[in-house]
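# Structural features, examined
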Amino acid sequence: MHRTIPLSSPDVGEHELRRLCDAFSSGWIAPVGPAVDQFERAVCDRTGARYAVATSSGTAALHLALIVLGVGESDEVITSTLTFAATANAIRYVGATPVFVDVDADTWNMSPGLVADALASREKPPAAILAVDLYGQCADYDRLTGLAAGRGVPIIEDAAEALGATYGDRCAGTLGRIGVYSFNGNKIVTTSGGGMLVTDDPDLAARARHLATQAREPVVHYEHREVGYNYRLSNLLAGLGVAQIDSLGHKVARRRAIFERYRRQLAQLPGVAFMPEASYGIANRWLTCLTLDPEQFGLERDALLDQLRDRGIESRPVWKPMHLQPAFADFPALGGEVAAALFRTGVCLPSGSGLSDADIDRVAAAVRGAHGG
Ligand SMILES: Cc1ncc(COP(=O)(O)O)c(C=O)c1O
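Quick notes on the rules
Residues numbered from 1 in each chain as written. Predicted model: local features only at pLDDT ≥ 70, side-chain atom pairs only at ≥ 80, totals over all residues. Heavy atoms only, no water. Domains from an automatic or database assignment. Contact = heavy atoms within 4.5 Å. Salt bridge = Lys/Arg side-chain N within 4 Å of Asp/Glu carboxyl O. Polar contact = N/O pair within 3.5 Å; in protein donor to acceptor, adjacent residues only side chain to side chain. Helix = DSSP H or I, 4+ residues; strand = E, 2+ residues; numbered from the N terminus. Nonpolar A, V, L, I, M, F, W, Y, C, P; charged D, E, K, R; others polar. Expected span 1.5 Å × (residues − 1). Buried < 20%, exposed > 50% of the residue type's maximum accessible area, 1.4 Å probe, protein only. Arc of directions from axis to C-beta. Pairing = 2+ DSSP bridges. Axes fitted to C-alpha atoms, helices over the stretch in contact; angles between N-to-C directions.

## Here we look at the domain arrangement of the protein
A common measure of how large an interface is: the accessible area buried when the components associate. Domain parsing of the protein yields domain 1 (14–246) and domain 2 (248–372). Relative placement of domain 1 and domain 2: their C-alpha centres are 25 Å apart. Between domain 1 and domain 2, the contact holds 48 residues from the first and 38 residues from the second. On the surface where domain 1 and domain 2 come into contact, there are zero salt bridges. Linking domain 1 to domain 2 there are 22 residue pairs in polar contact (both at pLDDT 80 or more). For the side of domain 1 that touches domain 2, the elements supplying multiple residues, two or more each, are helix 4 (85–93), strand 3 (97–101), helix 5 (112–121), strand 6 (166–167) and helix 8 (235–246). In terms of residue count, strand 3 provides more of the side of domain 1 that touches domain 2 than any other element does, five residues in total. A per-class count over the side of domain 1 that touches domain 2 returns 24 nonpolar, 13 polar and 11 charged.

## Describing helix 9 (residues 248–266)
For helix 9, which comprises 19 residues, the first-to-last C-alpha distance of 27 Å matches the rise-based estimate of 27 Å (1.5 Å per residue) to within 8%. Residues Leu248, Lys251, Val252, Arg254, Arg255, Ile258, Phe259, Tyr262, Gln265 and Leu266 constitute the buried set of helix 9. Looking down the long axis of helix 9, one finds its buried residues gathered within 165° of arc, a one-sided arrangement. Close packing links the buried residues of helix 9 with helix 2 (34–47), helix 8, strand 10 (272–274), strand 12 (288–292), strand 15 (346–349) and helix 13 (357–372).

## Let's talk about the sheet that holds strand 5 (residues 155–158)
Strand order in this open sheet of eight strands is 1-9-8-5-4-2-3-14, and the pairing throughout is mixed. Each of the sheet's edge strands pairs with one partner strand only, and the pair in question is strand 1 (51–55) and strand 14 (333–334). As judged from the three bridges shared by strand 2 (residues 76–80) and strand 4 (residues 128–132), these two strands associate in the parallel manner. Each bridged residue has a counterpart across the sheet, and for Thr79 the counterpart in strand 4 is Leu130. Strand contacts of helix 2: strand 1, strand 8 (178–182) and strand 9 (195–199), with the helix running at about 130° to strand 1, the strand carrying the most contacts. Seen against the sheet, helix 6 (residues 141–151) touches strand 4 and strand 5 and runs at an angle of roughly 150° to strand 5.

## Brief notes about the pairing of strand 15
Alternating positions in strand 15 separate into two faces, Gly346 and Cys348 on one and Val347 and Leu349 on the other, with burial throughout. As paired strands, strand 12 and strand 15 are joined by four bridges and run antiparallel to one another. Each bridged residue has a counterpart across the sheet, and for Leu290 the counterpart in strand 15 is Val347. Looking at chain direction, strand 13 (residues 316–317) and strand 15 are connected through two bridges and run antiparallel. Looking across to strand 15, one finds that Arg316 is bridged to Cys348.

## Remarks on the pairing of strand 12
The buried count for strand 12 comes to five of five residues, which makes it a mostly enclosed element. In strand 12, alternate side chains face the same way, and those of Thr288, Leu290 and Leu292 on one face and Cys289 and Thr291 on the other are all buried. Bridge count for strand 10 against strand 12 is three bridges, and the pairing is antiparallel. When the bridges of strand 12 are listed, Phe274 appears paired with Leu290.

## Observations concerning the pattern of salt bridges
It is possible for side chains of opposite charge to pair when their charged atoms get near one another. In this structure the tally under the stated criterion is 17 salt bridges. Here Arg261 and Asp361 are joined by a salt bridge, their closest N and O atoms 2.8 Å apart. With Arg261 in helix 9 and Asp361 in helix 13, this pair connects stretches of sequence that are 100 residues apart. Via salt bridges that share partners, Arg254, Arg261, Asp357 and Asp361 belong to a single interconnected network.

## Remarks on helix 11 (residues 301–310)
Listed as buried for helix 11 are Arg301, Leu304, Leu305 and Leu308. All buried residues of helix 11 fall inside an arc of 100° around its axis, so they share one side. Contacts from the buried residues of helix 11 go to strand 12, strand 13, helix 12 (337–345), strand 15 and helix 13. A positive backbone phi angle near 75° is found at Gly312, which sits one or two residues after helix 11.

Given below as structure tokens:
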């Protein structure tokens with residue numbers, strides 16, 4: 001019996017164990033400590049961001065980003081419908097209304113044309129545009145920034161899936177006023193659970209840091225002038241992050257090589273199309289995604305997922321768009337057909353940087369077999 005091939009499992013080893021033990025030995029078994037500072041510096045060095053605040057999750061960082069930009073109950077936030085629910089959840093945490101925008105088929109990211117329509121159709125400018133870098137590919141920030149600047153709207157970049165990707169010569173996460181990364185267990189860099197807010201604005205960074213530590217004032221007794229959150233990253237987990245970030249370049253290269261290996265073996269199958277790469281940047285290929293035309297391929301998407309599962313291979317549909325989710329169906333949406341089609345036909349294949357070429361070949365053979373059988 002073959003071992004199960006997971007979708008995107010942590011790629012950790014001796015180096016991570018050593019850093020975890022270093023963090024342990026430092027005595028800082030707390031949501032502050034030297035490894036947290038080191039991890040924040042390492043992410044800034046790697047991405048070019050000026051300030052970083054390590055958080056307990058990417059979702060917490062998104063929540064803080066919205067709060068520090070002053071987004072609240074009477075506000076709207078334009079975002080992509082094709083994303084993980086955390087993006088939309090964070091908008092609801094601050095009581096704001098998400099305005100979902102469809103994606104472009106050639107990037108799978110929020111359509112700048114529809115963002116322009118959304119901006120033109122709102123009476124009051126939205127409080128923010130929350131762009132998502134889907135599956136490790138940046139949205140089109142030149143166009144989004146042009147639109148946002150014209151209305152004075154800040155951009156938050158949900159780069160949870162995109163650490164290590166680039167847009168031109170800039171790094172994912174640094175393309176808006178605030179960027180957010182996730183380090184949960186399936187991400188390209190993991191701390192088991194964790195996230196980070198990055199920004200070039202010292203005031204926003206300081207305010208996020210303050211709110212993330214229960215908004216505790218810097219005095220000996222426990223003084224709180226506003227409601228805060230327990231959102232800081234544990235020092236132990238930051239130790240893992242320090243080790244992981246060292247090999248980010250290798251991890252991106254490996255995920256891209258995995259994508260290419262799948263593409264070489266599967267692109268010629270009828271009805272199979274791989275997620276396109278936009279000319280403006282380099283994706284980290286966090287997950288290799290493809291779409292299946294069931295008539296040409298000879299099998300429905302879900303039947304392929306079932307066959308892969310029966311062969312011990314973990315695969316997933318592409319995210320179900322937010323405008324189709326019962327929790328968000330009542331909020332405004334512009335378009336949505338492109339994202340809905342990607343959801344109906346899209347498959348994410350095992351893509352962890354720790355997978356071997358033999359693992360990838362096993363998955364590719366199973367997809368080819370499903371087509372033939
Ligand atoms: C696009 C996107 N946004 C936000 C998140 C939330 O990150 P976390 O799981 O660290 O809270 C994730 C991943 O989980 C994600 O894929």
